[in-house]
Amino acid sequence: MGNEHAHKRVVQGKIISIAGNKSPVVLVERKVVHPKYRKIVKRFKKYIIHDEENRGKVGDIVTAVECKPISRRKAFNLKEIVIVGVSE
């Protein structure tokens, strides 16, 4: 095995709510080509991430990295806050 590390997924999205203490919900948007119509469509997925210092607030754009499962639905740690307080 040596010093090789497994590839960890990195997701970037917007915090849309706070699920509980240290648990913001991040909405991740990706664009894919529709298999039949060949049009680019948006796909959304929500991730509950682990934020140890409670730094993230609703509206922040954050980056999260995959980790070992922390609870049933949490398997990502907060890596960094990219943009603070984005509103639409």
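Let me sum up the structure you'll find in this document. Since the model is a prediction, treat every value here as computed from it, not as a measurement.

1. Some words on the overall build of the protein
A tally of helices and strands in the protein yields zero helices and five strands. Walking the protein from its N terminus toward its C terminus, one meets helices and strands in the order β-β-β-β-β. Along the first, second and third principal axes, the C-alpha set of the protein runs to 45 × 45 × 25 Å. Within the protein, the fraction of its 88 residues that count as buried is 27%. Here the protein displays about 6,800 Å² of accessible surface, and carbon together with sulfur accounts for 52% of that area. Positive and negative charge centroids in the protein, built from 20 and 9 side chains respectively, lie 10 Å apart.

2. Some thoughts on the sheet that holds strand β4 (residues 61-66)
Spatially, five strands are ordered β1-β2-β3-β5-β4 in a closed barrel, and the strand pairing comes out mixed. On average, adjacent strands in this sheet sit at an angle of 50° to one another, irrespective of strand direction. Relative to strand β3 (residues 40-50), strand β2 (residues 23-33) is paired through nine bridges, and the arrangement is antiparallel. Within the sheet, the bridge partner assigned to V25 lies in β3 and is I48.

3. Some remarks on the side chain of D51
By the element assignment, D51 lies in the loop between β3 and β4. Summary of buried charges: D51 has no salt-bridge partner, and the nearest side chain of opposite charge, R55, is 4.3 Å away. Each residue touching D51, except ones within four places of it in the same chain, is listed here: K22, P24, G56 and L78.

4. A few points about the environment of Q12
Looking at the secondary structure, you find Q12 in strand β1 (residues 10-20). Between the C-alpha atoms of Q12 and T63, which are 51 residues apart in sequence, the distance is 4.4 Å. Excluding residues within four positions of it along the chain, Q12 makes contact with V28, I61, V62, T63 and V82.

Analysis parameters
Residues numbered from 1 in each chain as written. Predicted model: local features only at pLDDT ≥ 70, side-chain atom pairs only at ≥ 80, totals over all residues. Heavy atoms only, no water. Helix = DSSP H or I, 4+ residues; strand = E, 2+ residues; numbered from the N terminus. Buried < 20%, exposed > 50% of the residue type's maximum accessible area, 1.4 Å probe, protein only. Areas by Shrake-Rupley, 256 points an atom, 1.4 Å probe, with all protein chains shown as cover. Lys, Arg positive; Asp, Glu negative; His and termini not counted. Charge placed at Lys NZ, Arg CZ, Asp CG, Glu CD. Pairing = 2+ DSSP bridges. Axes fitted to C-alpha atoms, helices over the stretch in contact; angles between N-to-C directions. Salt bridge = Lys/Arg side-chain N within 4 Å of Asp/Glu carboxyl O. Contact = heavy atoms within 4.5 Å.

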